[in-house]
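# Summary of the model geometry
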Amino acid sequence: MIEIFSLNKEKGKFEKIFSDTVDYSTECRFEALEKNGFKQILINTNTGGNDKITSNGMFIFGMNDSGNVKLINFFDSGDPFIEDIKKDSTKQILISDEYWGVMPEPNVIGFVKDIFMLENNELVLKNSEFGEYYDNKITGLKEKYNGLKKKVELGMQPVNLAFPLYREAVEVIVNYYAKGDIQGLAKFWNEEKDSLQKNIP
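Described below are features of the structure shown in this document. Note that this is a predicted model, so its numbers are computed, not measured. Throughout, residues of each chain are indexed from 1 in the direction in which the sequence is written. Side-chain atom pairs in this predicted model are given and counted only at pLDDT of 80 or more, local residue features only at pLDDT of at least 70, and totals for whole chains, interfaces and linings cover all residues. Excluding hydrogens and water, the side-chain values take into account all heavy atoms of the structure.

### Remarks on a nonpolar patch on the surface
For patch building, the residue pool is restricted to those with more than 30% relative accessible area and no salt bridge; the joining distance is 9 Å between like charges and 5 Å between nonpolar side chains (Val, Leu, Ile, Met, Phe, Trp, Tyr). Values of accessible area rely on a 1.4 Å probe in the Shrake-Rupley scheme; residue burial ignores everything except the protein chains shown. Any carboxyl oxygen of Asp or Glu that lies within 4 Å of a side-chain nitrogen of Lys or Arg is treated as forming a salt bridge with it. On the surface, Phe 5, Leu 7 and Phe 14 cluster together into a nonpolar patch covering about 330 Å² of accessible area. Given the relative accessible area of 43%, Leu 7 is considered partly exposed. The buried label applies to any residue whose accessible area, calculated with a 1.4 Å probe on protein chains only, is under 20% of its type's maximum; exposed applies above 50%, and partly exposed to all values in between.

Below, the structure written as structure tokens:
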């Protein structure tokens with residue numbers, strides 16, 4: 001349960017202006033997501049379990065122009081976290097997801113699927129504005145993939161035998177997908193599909 005009180009200056013006392021149910025809450029904090037300096041109420045949640053992406057969520061409350069507190073959004077999962085990606089004092093809410101494919105749980109791939117920004121007290125999906133964020137991830141993942149690919153082609157045994165090349169290729173693909181770069185994804189796939197078919201056990 002969250003309850004918010006505001007000082008009634010005429011009466012000289014605090015009065016409750018808002019209450020809501022927030023199940024499985026673990027932490028409450030105030031943070032300004034926009035440059036205007038107005039702070040939102042962020043409440044982290046955890047429904048239990050060993051997988052933080054499926055267990056961790058977040059309530060986001062804010063005050064509208066009329067001075068009323070409202071629920072802006074609730075993420076029941078995705079392990080939301082706040083980051084100022086461009087270092088411009090405008091913060092983003094990053095939501096993760098998992099790709100399982102044919103792999104067991106210990107090898108599941110986690111990635112940032114959605115990047116939201118707060119605009120006029122509403123969350124707006126902004127993945128397309130953070131191409132550089134995904135490009136940096138993709139560059140590193142491609143280096144990892146190409147390094148392992150070279151070892152496999154030379155007949156060297158990978159250090160990690162859990163789905164070699166398959167997992168590394170999928171990590172690249174899901175980040176192209178999250179970026180919304182279908183052209184880049186198709187290019188990577190067309191360049192690597194023959195090698196993958198040949199080298200994946």
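### Looking at the sheet that holds strand S9 (residues 109-119)
Sheet strands pair by backbone hydrogen bonding; their relative direction is either parallel or antiparallel. Following DSSP output, two strands are said to pair if at least two bridges run between them. Strands here are runs of E lasting at least two residues and helices are runs of H or I lasting at least four, both read from the DSSP assignment and numbered beginning at the N terminus. Here 4 strands make up an open sheet; going across it, the order is S7-S8-S9-S10 and the pairing antiparallel. In this open sheet, the two edge strands, each paired with only one partner strand, are strand S7 (81-83) and strand S10 (122-125). Taken over all neighbouring pairs, the strand axes of this sheet differ in orientation by 40 degrees on average, direction set aside. Here 7 bridges tie strand S8 (residues 92-99) to S9, and the two strands are oriented antiparallel to one another. Within the sheet, the bridge partner assigned to Tyr 99 lies in S9 and is Ile 109. In this description, contact between two residues means that some pair of their heavy atoms is separated by no more than 4.5 Å. Fitting a line to C-alpha atoms yields each axis, with helices limited to the stretch in contact; the angle taken between N-to-C directions then spans 0 to 180 degrees. With respect to the sheet, helix H2 (residues 131-153) is in contact with S7, S8 and S9, its orientation differing from that of S9 by roughly 165 degrees. Its contacts with the sheet place helix H3 (residues 166-179) against S8 and S9, and it is angled at close to 15 degrees to S9.

### Looking at the pattern of salt bridges
Taken as a whole, this structure holds 16 salt bridges when the rule is applied. Among the ionic pairs, Arg 29 bridges to Glu 27, the shortest N-O distance being 3.7 Å. What makes Glu 27 partly exposed here is its relative accessible area of 40%. Of the charged contacts, one joins Lys 91 and Glu 31 as a salt bridge, the two residues approaching to 2.9 Å between their closest N and O atoms. Separated by 60 residues along the polypeptide, Lys 91 in the loop between S7 and S8 and Glu 31 in strand S3 (residues 25-31) bring together distant segments of the chain. Through salt bridges with shared partners, a single ionic network connects Glu 27, Arg 29, Glu 31 and Lys 91.

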